[in-house]
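Listed here are the chains, written in short residue letters.
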Amino acid sequence: MERRGLAGAAPGPQIGAWREIHEETSLTASDLKLLRQGKPYTFSDESVGREWTIWPFGFWLKDPAGDGEGSEKRIKIDWEHEGWGWFDPLDVQDTEEFGGVPKLKESLRRVWFEIDLGPEAGKVLAEGCKRLEEDYVSGARQMAGDALRILRDVIDKMDDGVLDGKNGDGKEAKWWKDIRMAAWHLWKNGRESMGAAIMSALLSALASVEAEVFQDHSTSSKDSGKQLKRTIVSVLDREISARSSTNEQISQSFASYISHHLSSLIKSRKPLSILTLSESSTITHALSHLPILLPNLILDIRILESRPLLEGVSLAASLAKALSTDLASSNNRQHSITVYTDASACLATHGVQLVVIGADRIASDGSVSNKTGSLSTLLATRHNAKAAKVVVLCDSEKVALPGPPEQHVVEDQGLEQVTRAWMGEGSSERIRGAARTVLNFADATKTEGKKTGVKVEVRNVSFEWCAGGFIDAYVTEEGKWNDENVKKRSEALQGLEKRLFGPL
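Owing to the predicted nature of the structure, the values given are computational and were not obtained by experimental measurement.

Another point: the packing of aromatic side chains. Scanning the model with the defined rule gives eight aromatic pairs in all. Centroid distance Trp 187 to Phe 501: 5.7 Å. Interplanar angle 15 degrees. Geometry classified as stacked. Taken as a pair, Trp 187 in helix α6 (residues 174-188) and Phe 501 in the segment after α18 (483-500) lie far apart in primary sequence, 314 residues in all. A relative accessible area of 8% places Trp 187 in the buried class. In this structure Phe 501 comes out as buried when scored by relative accessible area, which is 0%. Pairwise contacts between aromatic rings join Trp 175, Trp 176 and Phe 214 into one cluster. One cation-aromatic arrangement involves Arg 36 over Phe 113; the distance from NZ or CZ to the ring centre is 3.9 Å.

Further remarks concern the pairing of strand β12 (residues 389-393). Summarising burial for β12: four of the five residues are buried, a large majority. Of the pairings in the sheet, the one linking strand β9 (residues 354-357) to β12 comprises four bridges and is parallel in character. If you follow Ile 357 over to β12, its bridge partner there is Val 392. Bridging between β12 and strand β14 (residues 473-476) involves three bridges; their strand directions are parallel. Bridge assignment links Leu 393 to a residue of β14, and that residue is Val 475.

On to a nonpolar patch on the surface. Residues Ile 77, Trp 84 and Trp 86 make up a contiguous nonpolar surface patch of roughly 340 Å² in combined accessible area. What makes Ile 77 partly exposed here is its relative accessible area of 32%.

Quick look at the side chain of His 185 now. With respect to the helices and strands, the residue His 185 is situated in helix α6. On the basis of relative accessibility, which here comes to 0%, the residue His 185 falls in the buried class.

Here we take up the sheet that holds strand β7 (residues 299-304). Strand order in the open sheet made by the seven strands is β8-β7-β6-β9-β12-β14-β15, with mixed pairing throughout. Whereas interior strands pair on both sides, the edge strands pair on one side only; in this sheet they are β8 (336-340) and β15 (479-481). Mean inter-strand twist for the sheet, computed between neighbouring axes without regard to direction, equals 25 degrees. Of the pairings in the sheet, the one linking β7 to β8 comprises five bridges and is parallel in character.

On to the packing of helix α4 (residues 119-133) against α6. Packing of α4 against α6 brings their axes to within 9 Å, and their N-to-C directions diverge by 25 degrees. On the basis of the axis angle, α4 is roughly parallel to α6. As α4 runs across α6, the sense of the crossing is right-handed. Along its contact with α4, which presents Leu 125, Cys 129 and Leu 132, the element α6 presents Ala 182, His 185 and Leu 186. Looking at the contact of α4 with α6, its residues break down into five nonpolar, one polar and no charged.

Strand pairs in the sheet, formed through backbone hydrogen bonds, run parallel or antiparallel to each other. Spatial strand order, β10-β11-β13: three strands in an open sheet with antiparallel pairing. Only two strands of the sheet have a single partner each, and these edge strands are β10 (361-362) and β13 (463-466). As paired strands, strand β11 (residues 368-371) and β13 are joined by four bridges and run antiparallel to one another. If you follow Lys 371 over to β13, its bridge partner there is Phe 463.

The rules behind these values
Residues numbered from 1 in each chain as written. Predicted model: local features only at pLDDT ≥ 70, side-chain atom pairs only at ≥ 80, totals over all residues. Heavy atoms only, no water. Phe/Tyr/Trp six-rings, centres within 6.5 Å; stacked < 30°, edge-to-face > 60°. Helix = DSSP H or I, 4+ residues; strand = E, 2+ residues; numbered from the N terminus. Buried < 20%, exposed > 50% of the residue type's maximum accessible area, 1.4 Å probe, protein only. Lys NZ or Arg CZ within 6 Å of the ring centre and 35° of its normal. Pairing = 2+ DSSP bridges. Patch = residues over 30% accessible without salt bridge, like charges linked within 9 Å, V, L, I, M, F, W, Y side chains within 5 Å. Areas by Shrake-Rupley, 256 points an atom, 1.4 Å probe, with all protein chains shown as cover. Salt bridge = Lys/Arg side-chain N within 4 Å of Asp/Glu carboxyl O. Axes fitted to C-alpha atoms, helices over the stretch in contact; angles between N-to-C directions. Parallel < 35°, antiparallel > 145°, perpendicular 65-115°, else oblique. Left-handed = near helix turned anticlockwise from the far one by under 90°. Contact = heavy atoms within 4.5 Å. Nonpolar A, V, L, I, M, F, W, Y, C, P; charged D, E, K, R; others polar.

See the structure below:
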(Lines give C-alpha, C1' and ligand atoms only; values in the text may rest on other atoms or scores of the structure.)
Protein backbone atom coordinates (compact mmCIF):
# COMPACT_ATOMS: atom_id res chain seq x y z
CA MET A 1 0.00 0.00 0.00
CA GLU A 2 1.11 3.53 -0.69
CA ARG A 3 1.22 5.66 2.48
CA ARG A 4 1.64 9.40 2.47
CA GLY A 5 1.60 12.12 5.07
CA LEU A 6 -0.15 15.36 4.25
CA ALA A 7 3.07 16.79 2.85
CA GLY A 8 3.85 13.67 0.77
CA ALA A 9 5.33 14.35 -2.65
CA ALA A 10 4.80 11.04 -4.46
CA PRO A 11 3.94 11.70 -8.13
CA GLY A 12 0.82 9.53 -7.95
CA PRO A 13 -0.53 6.77 -5.69
CA GLN A 14 -0.08 3.88 -8.13
CA ILE A 15 3.35 5.08 -9.28
CA GLY A 16 4.29 5.43 -5.61
CA ALA A 17 3.08 1.90 -4.87
CA TRP A 18 5.18 0.42 -7.67
CA ARG A 19 8.20 2.39 -6.44
CA GLU A 20 7.75 1.27 -2.83
CA ILE A 21 7.24 -2.39 -3.69
CA HIS A 22 10.39 -2.35 -5.82
CA GLU A 23 12.44 -0.68 -3.08
CA GLU A 24 11.27 -3.12 -0.42
CA THR A 25 11.16 -6.39 -2.40
CA SER A 26 13.15 -5.66 -5.61
CA LEU A 27 10.12 -6.85 -7.65
CA THR A 28 9.10 -5.01 -10.82
CA ALA A 29 6.26 -5.01 -13.36
CA SER A 30 7.84 -8.05 -15.03
CA ASP A 31 7.21 -9.99 -11.79
CA LEU A 32 3.87 -8.52 -10.71
CA LYS A 33 0.45 -7.72 -12.09
CA LEU A 34 -1.78 -5.16 -10.46
CA LEU A 35 -4.79 -7.07 -9.14
CA ARG A 36 -6.96 -4.35 -7.61
CA GLN A 37 -6.87 -0.91 -6.12
CA GLY A 38 -8.72 -0.17 -2.91
CA LYS A 39 -10.59 2.93 -1.85
CA PRO A 40 -8.17 5.35 -0.11
CA TYR A 41 -8.76 6.43 3.47
CA THR A 42 -7.19 8.69 6.10
CA PHE A 43 -6.43 8.11 9.78
CA SER A 44 -4.54 9.87 12.57
CA ASP A 45 -1.57 8.14 14.18
CA GLU A 46 -1.42 9.68 17.65
CA SER A 47 1.77 7.83 18.51
CA VAL A 48 3.71 10.00 16.06
CA GLY A 49 1.29 12.92 15.89
CA ARG A 50 0.67 12.55 12.18
CA GLU A 51 -2.22 12.00 9.77
CA TRP A 52 -1.77 9.37 7.06
CA THR A 53 -3.62 8.83 3.81
CA ILE A 54 -3.50 5.26 2.56
CA TRP A 55 -3.96 4.14 -1.06
CA PRO A 56 -4.18 0.33 -0.94
CA PHE A 57 -3.15 -1.79 -3.93
CA GLY A 58 -3.11 -5.55 -4.37
CA PHE A 59 -0.64 -7.31 -6.69
CA TRP A 60 -0.35 -10.85 -8.08
CA LEU A 61 3.05 -12.49 -8.17
CA LYS A 62 2.97 -13.92 -11.70
CA ASP A 63 4.79 -17.22 -11.19
CA PRO A 64 5.47 -17.76 -7.48
CA ALA A 65 6.68 -21.36 -7.82
CA GLY A 66 8.88 -20.72 -10.85
CA ASP A 67 12.55 -19.90 -11.25
CA GLY A 68 12.44 -16.81 -13.46
CA GLU A 69 10.49 -13.58 -13.60
CA GLY A 70 7.49 -13.50 -11.29
CA SER A 71 8.85 -16.12 -8.90
CA GLU A 72 9.18 -15.70 -5.15
CA LYS A 73 12.88 -16.40 -5.57
CA ARG A 74 13.15 -12.87 -6.97
CA ILE A 75 12.03 -11.35 -3.66
CA LYS A 76 14.90 -9.58 -1.90
CA ILE A 77 13.83 -7.54 1.12
CA ASP A 78 15.67 -4.40 2.13
CA TRP A 79 16.97 -3.25 5.52
CA GLU A 80 13.50 -2.19 6.73
CA HIS A 81 12.35 -5.81 7.13
CA GLU A 82 13.48 -8.81 9.14
CA GLY A 83 11.63 -11.40 7.05
CA TRP A 84 8.58 -12.12 4.92
CA GLY A 85 5.97 -14.84 4.49
CA TRP A 86 2.62 -15.74 2.92
CA PHE A 87 -0.63 -15.26 4.85
CA ASP A 88 -4.24 -16.08 4.16
CA PRO A 89 -5.97 -12.67 3.83
CA LEU A 90 -8.69 -13.86 6.22
CA ASP A 91 -6.07 -14.46 8.93
CA VAL A 92 -4.66 -10.93 8.91
CA GLN A 93 -5.44 -8.89 12.04
CA ASP A 94 -4.76 -5.38 13.29
CA THR A 95 -3.14 -6.53 16.54
CA GLU A 96 0.26 -6.27 18.14
CA GLU A 97 0.46 -10.05 18.25
CA PHE A 98 0.00 -10.32 14.47
CA GLY A 99 2.36 -7.43 13.75
CA GLY A 100 2.59 -5.44 10.55
CA VAL A 101 2.03 -1.78 9.80
CA PRO A 102 -0.87 0.08 11.47
CA LYS A 103 -4.31 -0.48 9.92
CA LEU A 104 -3.02 -3.43 7.87
CA LYS A 105 -6.35 -5.29 7.94
CA GLU A 106 -8.30 -2.12 7.14
CA SER A 107 -6.09 -1.60 4.09
CA LEU A 108 -6.33 -5.24 3.08
CA ARG A 109 -10.12 -5.46 3.30
CA ARG A 110 -10.36 -2.52 0.92
CA VAL A 111 -8.53 -4.57 -1.71
CA TRP A 112 -9.54 -8.10 -0.71
CA PHE A 113 -13.31 -7.49 -0.64
CA GLU A 114 -13.97 -11.18 0.05
CA ILE A 115 -13.32 -10.34 3.73
CA ASP A 116 -16.55 -8.31 3.94
CA LEU A 117 -18.68 -9.88 1.22
CA GLY A 118 -17.97 -13.52 1.98
CA PRO A 119 -16.68 -16.15 -0.46
CA GLU A 120 -19.69 -16.48 -2.78
CA ALA A 121 -20.49 -12.81 -3.27
CA GLY A 122 -16.76 -12.02 -3.34
CA LYS A 123 -16.19 -14.54 -6.11
CA VAL A 124 -19.00 -13.03 -8.21
CA LEU A 125 -17.53 -9.55 -7.77
CA ALA A 126 -13.97 -10.69 -8.55
CA GLU A 127 -15.09 -12.49 -11.71
CA GLY A 128 -17.24 -9.51 -12.67
CA CYS A 129 -14.38 -7.02 -12.30
CA LYS A 130 -12.16 -9.29 -14.38
CA ARG A 131 -14.83 -9.60 -17.08
CA LEU A 132 -15.15 -5.82 -17.30
CA GLU A 133 -11.38 -5.34 -17.27
CA GLU A 134 -10.88 -7.73 -20.20
CA ASP A 135 -13.85 -6.57 -22.30
CA TYR A 136 -12.47 -4.74 -25.33
CA VAL A 137 -15.49 -5.44 -27.52
CA SER A 138 -18.38 -3.76 -25.71
CA GLY A 139 -18.85 -0.01 -25.63
CA ALA A 140 -19.14 2.03 -22.45
CA ARG A 141 -22.93 1.81 -22.42
CA GLN A 142 -22.99 -1.99 -22.64
CA MET A 143 -20.31 -2.25 -19.97
CA ALA A 144 -22.31 0.00 -17.64
CA GLY A 145 -25.30 -2.31 -18.05
CA ASP A 146 -23.08 -5.31 -17.38
CA ALA A 147 -21.78 -3.63 -14.20
CA LEU A 148 -25.37 -3.26 -12.96
CA ARG A 149 -26.06 -6.94 -13.60
CA ILE A 150 -22.88 -7.90 -11.76
CA LEU A 151 -23.86 -5.76 -8.76
CA ARG A 152 -27.28 -7.38 -8.70
CA ASP A 153 -25.69 -10.86 -8.77
CA VAL A 154 -23.25 -9.89 -5.98
CA ILE A 155 -26.15 -8.82 -3.76
CA ASP A 156 -28.07 -11.96 -4.62
CA LYS A 157 -25.12 -14.04 -3.34
CA MET A 158 -24.69 -12.09 -0.11
CA ASP A 159 -25.60 -14.00 3.04
CA ASP A 160 -29.17 -13.17 4.09
CA GLY A 161 -27.96 -12.84 7.66
CA VAL A 162 -25.60 -10.02 6.67
CA LEU A 163 -28.56 -7.97 5.45
CA ASP A 164 -30.73 -8.18 8.56
CA GLY A 165 -31.11 -5.54 11.27
CA LYS A 166 -28.51 -7.17 13.54
CA ASN A 167 -25.79 -5.72 11.34
CA GLY A 168 -26.78 -2.11 11.87
CA ASP A 169 -29.75 0.05 11.09
CA GLY A 170 -30.40 2.79 8.58
CA LYS A 171 -27.74 4.16 6.27
CA GLU A 172 -24.97 3.17 8.70
CA ALA A 173 -25.80 -0.53 8.29
CA LYS A 174 -22.80 -2.64 7.33
CA TRP A 175 -24.66 -4.29 4.43
CA TRP A 176 -25.31 -0.88 2.84
CA LYS A 177 -21.61 0.00 3.10
CA ASP A 178 -20.67 -3.38 1.61
CA ILE A 179 -23.01 -2.88 -1.37
CA ARG A 180 -21.66 0.60 -2.05
CA MET A 181 -18.09 -0.64 -1.78
CA ALA A 182 -18.88 -3.43 -4.26
CA ALA A 183 -20.16 -0.76 -6.67
CA TRP A 184 -16.98 1.28 -6.10
CA HIS A 185 -14.86 -1.74 -7.08
CA LEU A 186 -16.86 -2.27 -10.28
CA TRP A 187 -16.14 1.35 -11.15
CA LYS A 188 -12.43 1.36 -10.29
CA ASN A 189 -11.38 -2.24 -10.89
CA GLY A 190 -13.31 -2.94 -14.07
CA ARG A 191 -12.17 -1.10 -17.16
CA GLU A 192 -11.46 2.34 -15.78
CA SER A 193 -11.26 4.05 -19.16
CA MET A 194 -15.00 3.29 -19.41
CA GLY A 195 -15.45 4.38 -15.80
CA ALA A 196 -17.64 7.44 -16.41
CA ALA A 197 -20.57 5.43 -17.77
CA ILE A 198 -20.06 2.60 -15.26
CA MET A 199 -19.91 4.99 -12.30
CA SER A 200 -22.91 7.01 -13.44
CA ALA A 201 -25.07 3.91 -13.93
CA LEU A 202 -24.06 2.47 -10.55
CA LEU A 203 -24.62 5.74 -8.67
CA SER A 204 -28.06 6.14 -10.24
CA ALA A 205 -28.96 2.59 -9.23
CA LEU A 206 -27.66 3.06 -5.68
CA ALA A 207 -29.67 6.27 -5.35
CA SER A 208 -32.79 4.35 -6.42
CA VAL A 209 -32.06 1.63 -3.86
CA GLU A 210 -31.50 4.27 -1.19
CA ALA A 211 -34.80 6.00 -2.00
CA GLU A 212 -36.78 2.77 -1.84
CA VAL A 213 -35.15 1.06 1.11
CA PHE A 214 -34.62 4.07 3.36
CA GLN A 215 -37.84 5.98 2.73
CA ASP A 216 -38.79 4.68 6.17
CA HIS A 217 -35.67 4.90 8.38
CA SER A 218 -36.61 1.71 10.21
CA THR A 219 -37.18 -0.36 7.06
CA SER A 220 -33.93 -2.25 7.32
CA SER A 221 -34.58 -3.34 10.88
CA LYS A 222 -38.16 -4.46 10.20
CA ASP A 223 -37.37 -6.43 7.06
CA SER A 224 -35.62 -9.77 7.19
CA GLY A 225 -32.40 -10.13 5.23
CA LYS A 226 -34.23 -12.18 2.61
CA GLN A 227 -36.96 -9.55 2.18
CA LEU A 228 -34.45 -6.75 2.00
CA LYS A 229 -32.42 -8.61 -0.64
CA ARG A 230 -35.54 -9.13 -2.75
CA THR A 231 -36.33 -5.41 -2.57
CA ILE A 232 -32.83 -4.35 -3.60
CA VAL A 233 -32.60 -6.88 -6.44
CA SER A 234 -36.03 -5.76 -7.68
CA VAL A 235 -34.88 -2.12 -7.79
CA LEU A 236 -31.75 -3.07 -9.74
CA ASP A 237 -33.80 -5.16 -12.18
CA ARG A 238 -35.97 -2.10 -12.86
CA GLU A 239 -32.86 0.03 -13.47
CA ILE A 240 -31.47 -2.57 -15.88
CA SER A 241 -34.78 -2.88 -17.73
CA ALA A 242 -35.17 0.89 -18.10
CA ARG A 243 -31.89 1.07 -20.04
CA SER A 244 -33.41 -0.73 -23.02
CA SER A 245 -35.29 2.38 -24.17
CA THR A 246 -32.33 4.81 -24.06
CA ASN A 247 -31.10 4.20 -27.61
CA GLU A 248 -34.62 4.76 -28.92
CA GLN A 249 -34.82 8.08 -27.09
CA ILE A 250 -31.41 9.18 -28.42
CA SER A 251 -32.45 8.25 -31.96
CA GLN A 252 -35.55 10.39 -31.59
CA SER A 253 -33.42 13.30 -30.33
CA PHE A 254 -31.03 12.89 -33.27
CA ALA A 255 -33.86 12.91 -35.80
CA SER A 256 -35.24 16.07 -34.15
CA TYR A 257 -31.82 17.72 -34.34
CA ILE A 258 -31.53 16.98 -38.07
CA SER A 259 -35.11 18.16 -38.73
CA HIS A 260 -34.37 21.45 -37.02
CA HIS A 261 -30.88 22.20 -38.34
CA LEU A 262 -30.99 20.58 -41.79
CA SER A 263 -34.64 20.97 -42.79
CA SER A 264 -33.84 22.61 -46.16
CA LEU A 265 -31.64 19.70 -47.19
CA ILE A 266 -34.38 17.19 -46.34
CA LYS A 267 -36.87 19.13 -48.47
CA SER A 268 -34.42 19.25 -51.37
CA ARG A 269 -34.23 15.44 -51.43
CA LYS A 270 -30.44 15.69 -51.66
CA PRO A 271 -28.40 13.15 -49.72
CA LEU A 272 -27.26 14.03 -46.20
CA SER A 273 -23.52 13.27 -45.97
CA ILE A 274 -22.57 11.91 -42.55
CA LEU A 275 -19.05 10.91 -41.49
CA THR A 276 -18.43 8.66 -38.50
CA LEU A 277 -15.98 6.07 -37.18
CA SER A 278 -15.70 3.06 -34.88
CA GLU A 279 -18.84 1.15 -33.86
CA SER A 280 -21.03 2.69 -31.18
CA SER A 281 -24.28 0.84 -30.50
CA THR A 282 -25.92 4.24 -30.03
CA ILE A 283 -24.72 5.52 -33.41
CA THR A 284 -25.65 2.25 -35.11
CA HIS A 285 -29.19 2.48 -33.77
CA ALA A 286 -29.56 6.18 -34.61
CA LEU A 287 -28.28 5.92 -38.20
CA SER A 288 -30.24 2.77 -39.00
CA HIS A 289 -33.47 4.35 -37.73
CA LEU A 290 -33.06 7.76 -39.41
CA PRO A 291 -34.86 6.78 -42.66
CA ILE A 292 -37.79 5.50 -40.62
CA LEU A 293 -38.02 8.59 -38.43
CA LEU A 294 -37.39 10.95 -41.40
CA PRO A 295 -38.97 9.21 -44.41
CA ASN A 296 -37.76 11.77 -46.97
CA LEU A 297 -34.12 11.57 -45.94
CA ILE A 298 -31.46 10.05 -48.22
CA LEU A 299 -28.23 9.06 -46.50
CA ASP A 300 -24.63 9.22 -47.72
CA ILE A 301 -22.76 7.57 -44.86
CA ARG A 302 -18.98 7.60 -44.76
CA ILE A 303 -17.21 5.38 -42.23
CA LEU A 304 -13.54 5.18 -41.27
CA GLU A 305 -12.44 1.57 -40.95
CA SER A 306 -11.12 2.25 -37.41
CA ARG A 307 -7.95 0.25 -37.01
CA PRO A 308 -6.63 -1.85 -35.41
CA LEU A 309 -9.86 -3.75 -34.60
CA LEU A 310 -11.72 -2.47 -37.70
CA GLU A 311 -14.94 -1.67 -35.86
CA GLY A 312 -15.93 0.64 -38.72
CA VAL A 313 -16.20 -2.34 -41.05
CA SER A 314 -18.63 -3.97 -38.64
CA LEU A 315 -20.65 -0.75 -38.45
CA ALA A 316 -20.84 -0.62 -42.26
CA ALA A 317 -22.15 -4.19 -42.36
CA SER A 318 -24.81 -3.50 -39.71
CA LEU A 319 -26.00 -0.35 -41.48
CA ALA A 320 -26.02 -1.99 -44.90
CA LYS A 321 -28.35 -4.69 -43.59
CA ALA A 322 -30.58 -2.17 -41.80
CA LEU A 323 -30.83 0.29 -44.68
CA SER A 324 -31.58 -2.41 -47.25
CA THR A 325 -34.92 -3.26 -45.63
CA ASP A 326 -38.12 -2.29 -47.42
CA LEU A 327 -39.08 0.17 -44.69
CA ALA A 328 -35.78 2.02 -44.65
CA SER A 329 -35.41 2.15 -48.45
CA SER A 330 -39.00 3.03 -49.38
CA ASN A 331 -39.95 5.96 -51.66
CA ASN A 332 -37.41 4.80 -54.28
CA ARG A 333 -34.52 5.96 -52.17
CA GLN A 334 -31.05 4.48 -52.39
CA HIS A 335 -28.75 5.19 -49.50
CA SER A 336 -24.98 4.91 -49.86
CA ILE A 337 -22.28 3.67 -47.51
CA THR A 338 -18.55 4.19 -48.16
CA VAL A 339 -15.77 2.74 -46.02
CA TYR A 340 -12.56 4.77 -45.97
CA THR A 341 -9.15 3.82 -44.66
CA ASP A 342 -8.15 5.75 -41.55
CA ALA A 343 -5.29 7.33 -43.51
CA SER A 344 -7.80 8.87 -45.94
CA ALA A 345 -9.87 10.58 -43.24
CA CYS A 346 -9.06 13.95 -44.80
CA LEU A 347 -10.54 12.82 -48.14
CA ALA A 348 -13.66 11.53 -46.40
CA THR A 349 -14.46 14.96 -44.98
CA HIS A 350 -14.87 16.70 -48.36
CA GLY A 351 -18.47 17.81 -48.79
CA VAL A 352 -19.59 16.27 -45.50
CA GLN A 353 -22.45 18.03 -43.70
CA LEU A 354 -22.50 16.18 -40.40
CA VAL A 355 -19.77 14.46 -38.39
CA VAL A 356 -21.11 12.10 -35.76
CA ILE A 357 -18.88 10.68 -33.04
CA GLY A 358 -19.68 8.71 -29.92
CA ALA A 359 -18.23 9.23 -26.46
CA ASP A 360 -16.70 6.90 -23.93
CA ARG A 361 -16.33 9.82 -21.53
CA ILE A 362 -17.25 13.50 -21.50
CA ALA A 363 -15.20 15.77 -19.27
CA SER A 364 -16.89 18.52 -17.28
CA ASP A 365 -15.52 21.15 -19.71
CA GLY A 366 -17.25 19.43 -22.65
CA SER A 367 -14.17 17.64 -24.02
CA VAL A 368 -14.97 14.20 -25.42
CA SER A 369 -12.92 11.01 -25.21
CA ASN A 370 -13.61 8.75 -28.16
CA LYS A 371 -11.91 6.24 -30.46
CA THR A 372 -8.46 7.34 -31.57
CA GLY A 373 -8.84 8.95 -34.96
CA SER A 374 -11.69 11.19 -33.81
CA LEU A 375 -9.49 14.26 -33.31
CA SER A 376 -7.81 14.03 -36.72
CA THR A 377 -11.27 13.64 -38.27
CA LEU A 378 -12.54 16.79 -36.57
CA LEU A 379 -9.42 18.75 -37.53
CA ALA A 380 -9.77 17.66 -41.17
CA THR A 381 -13.46 18.59 -41.10
CA ARG A 382 -12.67 22.06 -39.83
CA HIS A 383 -10.27 22.50 -42.76
CA ASN A 384 -12.32 20.89 -45.57
CA ALA A 385 -15.95 21.33 -44.52
CA LYS A 386 -16.17 24.46 -42.40
CA ALA A 387 -20.00 24.49 -42.44
CA ALA A 388 -20.31 20.91 -41.22
CA LYS A 389 -21.81 20.31 -37.78
CA VAL A 390 -20.06 18.06 -35.28
CA VAL A 391 -22.45 16.09 -33.08
CA VAL A 392 -21.65 13.83 -30.15
CA LEU A 393 -24.28 11.11 -29.98
CA CYS A 394 -24.38 9.49 -26.55
CA ASP A 395 -26.38 8.92 -23.41
CA SER A 396 -26.01 11.32 -20.51
CA GLU A 397 -24.25 8.78 -18.27
CA LYS A 398 -21.02 9.33 -20.25
CA VAL A 399 -20.47 12.60 -18.38
CA ALA A 400 -17.58 12.28 -15.90
CA LEU A 401 -16.86 13.90 -12.55
CA PRO A 402 -15.46 17.46 -12.58
CA GLY A 403 -11.82 17.71 -13.50
CA PRO A 404 -9.55 18.22 -16.52
CA PRO A 405 -9.42 15.56 -19.25
CA GLU A 406 -5.75 14.90 -18.49
CA GLN A 407 -6.58 13.29 -15.14
CA HIS A 408 -8.41 10.40 -16.78
CA VAL A 409 -6.89 7.01 -17.64
CA VAL A 410 -4.94 6.68 -20.91
CA GLU A 411 -5.44 3.14 -22.18
CA ASP A 412 -2.73 1.54 -24.33
CA GLN A 413 -3.83 -1.87 -25.59
CA GLY A 414 -0.34 -3.05 -26.43
CA LEU A 415 1.20 -4.02 -29.72
CA GLU A 416 -0.55 -7.35 -30.43
CA GLN A 417 -3.71 -5.80 -31.93
CA VAL A 418 -1.57 -3.72 -34.29
CA THR A 419 1.01 -6.31 -35.29
CA ARG A 420 -1.53 -8.99 -36.21
CA ALA A 421 -2.16 -7.09 -39.45
CA TRP A 422 1.58 -6.77 -40.10
CA MET A 423 2.02 -10.54 -39.87
CA GLY A 424 -1.21 -11.42 -41.73
CA GLU A 425 -1.54 -13.29 -45.01
CA GLY A 426 -2.13 -10.03 -46.88
CA SER A 427 1.32 -8.74 -46.00
CA SER A 428 4.32 -9.39 -48.22
CA GLU A 429 7.29 -11.33 -46.95
CA ARG A 430 9.22 -8.06 -46.84
CA ILE A 431 6.67 -6.51 -44.47
CA ARG A 432 6.45 -9.65 -42.32
CA GLY A 433 10.25 -9.67 -42.05
CA ALA A 434 10.26 -6.00 -41.11
CA ALA A 435 7.54 -6.68 -38.55
CA ARG A 436 9.64 -9.41 -36.94
CA THR A 437 12.58 -7.01 -36.72
CA VAL A 438 10.46 -4.29 -35.10
CA LEU A 439 8.99 -6.81 -32.65
CA ASN A 440 12.42 -8.11 -31.69
CA PHE A 441 13.63 -4.60 -30.91
CA ALA A 442 10.39 -3.82 -29.05
CA ASP A 443 10.81 -6.97 -26.98
CA ALA A 444 14.39 -6.04 -26.18
CA THR A 445 13.24 -2.55 -25.14
CA LYS A 446 10.87 -4.10 -22.57
CA THR A 447 13.43 -6.57 -21.24
CA GLU A 448 15.38 -5.31 -18.26
CA GLY A 449 19.12 -5.20 -18.71
CA LYS A 450 19.04 -5.53 -22.52
CA LYS A 451 20.73 -2.63 -24.27
CA THR A 452 20.43 -2.41 -28.06
CA GLY A 453 21.35 1.23 -28.65
CA VAL A 454 17.82 2.03 -29.78
CA LYS A 455 14.47 2.09 -28.03
CA VAL A 456 11.57 0.72 -30.12
CA GLU A 457 7.93 0.84 -29.03
CA VAL A 458 4.57 0.23 -30.71
CA ARG A 459 1.81 2.49 -29.36
CA ASN A 460 -1.83 1.46 -29.50
CA VAL A 461 -3.75 4.12 -27.54
CA SER A 462 -7.46 3.37 -27.77
CA PHE A 463 -9.00 6.77 -27.03
CA GLU A 464 -8.12 10.42 -27.48
CA TRP A 465 -9.60 13.72 -26.34
CA CYS A 466 -11.44 16.15 -28.59
CA ALA A 467 -11.77 19.63 -27.10
CA GLY A 468 -15.28 20.90 -26.47
CA GLY A 469 -14.64 23.78 -28.88
CA PHE A 470 -14.93 21.31 -31.77
CA ILE A 471 -18.40 20.15 -30.69
CA ASP A 472 -21.60 21.82 -31.93
CA ALA A 473 -24.05 19.70 -29.94
CA TYR A 474 -24.33 16.74 -27.60
CA VAL A 475 -27.44 14.75 -28.53
CA THR A 476 -28.64 12.61 -25.60
CA GLU A 477 -31.77 10.81 -24.44
CA GLU A 478 -32.74 14.11 -22.83
CA GLY A 479 -32.45 16.03 -26.10
CA LYS A 480 -29.84 18.46 -27.42
CA TRP A 481 -27.25 19.58 -24.87
CA ASN A 482 -24.52 22.21 -24.83
CA ASP A 483 -21.40 22.48 -22.67
CA GLU A 484 -23.37 24.14 -19.86
CA ASN A 485 -25.67 21.10 -19.64
CA VAL A 486 -22.58 18.89 -19.44
CA LYS A 487 -21.11 20.99 -16.63
CA LYS A 488 -24.33 20.87 -14.59
CA ARG A 489 -24.61 17.08 -14.98
CA SER A 490 -20.98 16.66 -13.93
CA GLU A 491 -21.52 18.74 -10.79
CA ALA A 492 -24.70 16.81 -9.88
CA LEU A 493 -22.79 13.56 -10.34
CA GLN A 494 -20.05 14.82 -8.04
CA GLY A 495 -22.59 15.44 -5.28
CA LEU A 496 -23.97 11.93 -5.66
CA GLU A 497 -20.49 10.38 -5.70
CA LYS A 498 -19.48 12.20 -2.51
CA ARG A 499 -22.66 11.15 -0.72
CA LEU A 500 -22.61 7.49 -1.71
CA PHE A 501 -18.90 6.69 -2.02
CA GLY A 502 -17.28 9.44 0.05
CA PRO A 503 -17.96 8.05 3.55
CA LEU A 504 -16.73 4.53 2.76
